[in-house]
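The chain contents come next:
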Amino acid sequence: MLPQEGEGALPSPWPGPGETDLDRQSEPEEETEPPTLDYNDQIEREDYEDFEYIRRQKQPRPPPSRRRPERLWPERPEEKAEPAGPGLEAPTERIEPPLKPLPPPLPPDYGDGYVIPHYDDMDYYFGPPRPRKPDTELDTDEEKEKLKKPKKEGGGPKEEETDDKWAMEKGKDHKGPRKGEELEEEWAPTERVKCPPIGMESHRIEDNQIRASSMLRHGLGAQRGRLNIQAGATEDDYYDGAWCAEDDAQTQWIEVDTRRTTKFTGVITQGRDSSIHDDFVTSFFVGFSNDSQTWTMYTNGYEEMTFHGNVDKDTPVLSELPEPVVARFIRVYPLTWNGSLCMRLEVLGCPMSPVHSYYTQNEVVTTDNLDFRHHSYKDMRQLMKVVNEECPTITRTYSLGKSSRGLKIYAMEISDNPGDHELGEPEFRYTAGIHGNEVLGRELLLLLMQYLCREYRDGNPRVRSLVQDTRIHLVPSLNPDGYEVAAQMGSEFGNWAMGLWTEEGFDIYEDFPDLNSVLWGAEERKWVPYRVPNNNLPIPERYLSPDATVSTEVRAIIAWMEKNPFVLGANLNGGERLVSYPYDMARTPTQEQLLAAAMAAARGEDEDEVSEAQETPDHAIFRWLAISYASAHLTMTEPYRGGCQAQDYTSGMGIVNGAKWNPRSGTINDFSYLHTNCLELSIYLGCDKFPHESELPREWENNKEALLTFMEQVHRGIKGVVTDEQGIPIANATISVSGINHGVKTAGGGDYWRILNPGEYRVTAHAEGYTPSAKTCNVDYDIGATQCNFILARSNWKRIREIMAMNGNRPIPHIDPSRPMTPQQRRLQRRRLQYRLRMREQMRLRRLNATAGPTTLAAPTPVTTLPPTPSPTFSPSPAPSSSPGPWHFPPETTTVGWEEAETETETYTEVVTEFGTELGPQEEEEMEVDELEEEEETVMGPDFPFTTAETYTVNFGDF
């Protein structure tokens, strides 16, 4: 659970204007008595080491301005020093400590214009709105009277300042401002309009809306001039990393049609994505048009204004327009560049009119009243706390562990019984933020928390059914350290990789144990499923050692996976628009598969043999799950959009096998499938990893139905409970389905879930020490798992394993008692018995030598050597027995130990029985020549009742 944060203000670590040093020293003593006052502050400092944030929240923020503090820098101390009399010396001393950070340095510390970009900083902390100049037309008489009141009172210098301030803002209402006031009036009311991106990076601007004067080739056309677009697997192909002009003439341009009247405020430029070339534009002009025919160049008053571009090919650079321009088309004219003329760009603009009616069908408007904004680490914690307070009966907040920097990895559980695993209720998980700069999934899960809570309270039957029948886990940020790095640059100014890795430099997605190689190696040796299971593979020891190079986040995630019996899950990523399913690791095809693929290619057929090597046993089920999300998404299955970075590997379906698209080893999807029962998929939500805040409502509508539909798939297939004959649940029992070489394990309560496509299946449940049980289960098309319970009876498999261990774990040949033994079988049986008797006798003598003296060793001397053919009268039992049978145990009152007596009696009683009518060597040679009928009469006679290897094995196994 998150720490309960109080409604009151936290104790400030800095003294206020009315505090003395003695008061400051006495405060900690009083606060240490009630621990609840310091608890929240202590937790916040552990989770988020940002003392500047606390200082900003506790101290009043002045109105943000860039130049005003510099011009009034020498005036403020004079004004404050004049009224300070001798009697006010003590208060001035009290104010001195906070004066160092407060009056002049605060605006630069808050960063209201000294660092680019800094507009997100204001939204990041959600400060008070900036004061704007009041409109003279809307001024009322009451407001004018309020402005005159300070004049009549004739107060101190503060009142004069307010008078002058309003006089400057109202301008002509006063006699005449001074020169310094005029300069301040010219600058003060100007506040640049902040507009979001128009959608170049997110592909909201389609390819046919982007035109260029020329292109070097098709792979470097205008459609490739999007911000942060990535080159394909091989450069110089159809999917390169920028727009490049055909020649180096200065008449080249690239333009964008917004299809509506737009107020343009700036352009973000970037160089070419390439590992070979170093191409970027260093300066350019900007032009505007309303009909794409007549263009007006942006000027600075007397000539065309030159905008400075990039200094490298990766870092985005913002070029703001001093004054916004309203138009429909915008065009960029490169002037100078490094290398070849290549660039990527994004345009900032506010829509001034709705899109033309022809394109309105693509517009999405949300109706949910949710918190659509980017949440920092503290904001995320606070939002989860608010959701928990709104729906305390169905939500619970907990932590998976801590990141490398000590930030907690928070998760929210949504269920009708939070905190407990209910028997028969499947567990589902959504995770996001594996890569810190892929932020859309983080915000979607925060929105999903709010949506489920509010819809459950409003009585939405679909949400209520989902919450009551499913235990849902939502983890919005698996890599909080990476997010903090990406959030510092903002949504448009971070490159493709900033914040992707953890603080230690690990990629969480690919940092899991490689169990694919273990399974595939065992399959090649025919060890599956006898020596190596096909499911729930153990983690290699080298990976579990403390010295293993494993990220802190991955260790916490693995422990979380093993603790909860997840059935279905998905991790939300960015940078593409598709659903990827396992395997993610490419398997090297065998020679037979390569030959079959070559033959198929020669015939013009598909290479099915090679593709099957990358598929899991649950390939059909994974495709069903992937399509369930992609088909419910509003834009994922639109084939005309194509791929975000390169070609469309999904063929317009929105789903792809991970090994065919982007092969990687040690992924979270493969590990989850091979180590746990959970079927995990990767959902790539969009082309823009870090979309602007204004894109969140649209993205929520695109993904809302898909998020709910995918969660409902956890109830498809079969479920049940495995118990013994007494009704005791059996944990770790294996549920296998005929035709699918991958099983699942039962949870601690004996319950299991197996996601299956509609159809009829033969299901088998087997556990160690129990007889397997099989039955036929039908899966319908409707949502709702079929109940398939199993009751297992105990078996003698445990005893059989002990017998096998006594035999050296070698296979014991089974001989049918109803059929006669051949001479060769009898000969082998006799040799095996004689060898075992000699070994037993040697073991018995060793025990006697170790425990008895020389007098006790004289008694068993007659049995030190065995005759070649034992006779029925040879019975060296230490104690007399009236009727010795095959399971006869002598009394314990003997000259030797009870262990030796028991072993000796059992062994030789069985031997006598076995060889009571056994043939000698000469008779055996004669029998080899005789007819088979005589052999049958001799073997099946009444004097040879125990002639089977089974009887012998069970008797010898009781030692």
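Structure: above.
Residues numbered from 1 in each chain as written. Predicted model: local features only at pLDDT ≥ 70, side-chain atom pairs only at ≥ 80, totals over all residues. Heavy atoms only, no water.

Draft legend 1. View of the sheet that holds strand E19 (residues 740–745). If you walk across this open sheet you meet the four strands as E19-E18-E21-E22, and the pairing is antiparallel. At either end of the open sheet lies a strand with only one pairing partner, and these are E19 and strand E22 (773–779). On average, each strand axis in the sheet is inclined to that of its neighbour by 30°, with strand direction left out of account. Where strand E18 (residues 734–737) and E19 come together, three bridges link them in antiparallel fashion. Within the sheet, the bridge partner assigned to Thr734 lies in E19 and is Lys745. (Pairing = 2+ DSSP bridges. Helix = DSSP H or I, 4+ residues; strand = E, 2+ residues; numbered from the N terminus. Axes fitted to C-alpha atoms, helices over the stretch in contact; angles between N-to-C directions.)

Draft legend 2. Up close: the pattern of salt bridges. For the structure on display, the rule yields 27 salt bridges. A salt bridge links Arg471 to Glu413; the nearest nitrogen and oxygen atoms lie 2.8 Å apart. With Arg471 in strand E12 (residues 471–475) and Glu413 in strand E10 (residues 408–414), this pair connects stretches of sequence that are 58 residues apart. For the pair Arg471 and Glu413, one class covers both residues: buried. The partner of Arg471 in a salt bridge is Glu427, with the nearest N and O atoms 2.8 Å apart. Note that Arg471 is positioned in strand E12 and Glu427 in strand E11 (residues 427–432), a separation of 44 residues in sequence. (Salt bridge = Lys/Arg side-chain N within 4 Å of Asp/Glu carboxyl O. Buried < 20%, exposed > 50% of the residue type's maximum accessible area, 1.4 Å probe, protein only.)

Draft legend 3. Region of interest: the state of the cysteines. Counted by the stated rule, this structure contains five disulfides. Residue pairing for Cys195: its cysteine sulfur links by disulfide to Cys350, the two sulfurs lying 1.8 Å apart. Looking down the S-S bond of the Cys195 and Cys350 bridge, the torsion is -110°, so its handedness is left-handed. Taken as a pair, Cys195 in the loop between helix H11 (179–187) and strand E1 (210–212) and Cys350 in strand E8 (residues 342–351) lie far apart in primary sequence, 155 residues in all. Comparing Cys195 with Cys350, the two get one shared label, buried. Here Cys644 is linked by a disulfide to Cys687, with a sulfur-sulfur distance of 1.9 Å. On the sign convention where negative is left-handed, the bridge of Cys644 and Cys687, at about -65° about the S-S bond, is left-handed. Taken together, the residues span a long stretch of sequence, with Cys644 in the loop between helix H21 (619–632) and strand E15 (655–657) and Cys687 in the loop between strand E16 (679–686) and helix H24 (696–712) at a distance of 43 residues. (Disulfide = S-S within 2.5 Å.)

Draft legend 4. Molecular detail of the pairing of E18. The antiparallel hairpin formed by E18 and E19 contains two residues in its connecting segment, where Gly739 sits at a positive phi of about 95°. In this structure, E18 lies alongside strand E21 (residues 759–766), joined through four bridges in antiparallel fashion. Note that in E21 the partner of Ile735 across the bridge is Ala765.

Draft legend 5. Here's a closer look at the side chain of Ser283. Within the fold, Ser283 resides in strand E4 (residues 280–289). A relative accessible area of 7% places Ser283 in the buried class. Within the structure, Ser283 has its side chain in polar contact with the side chain of Thr336 (distance 2.5 Å). (Polar contact = N/O pair within 3.5 Å; in protein donor to acceptor, adjacent residues only side chain to side chain.)

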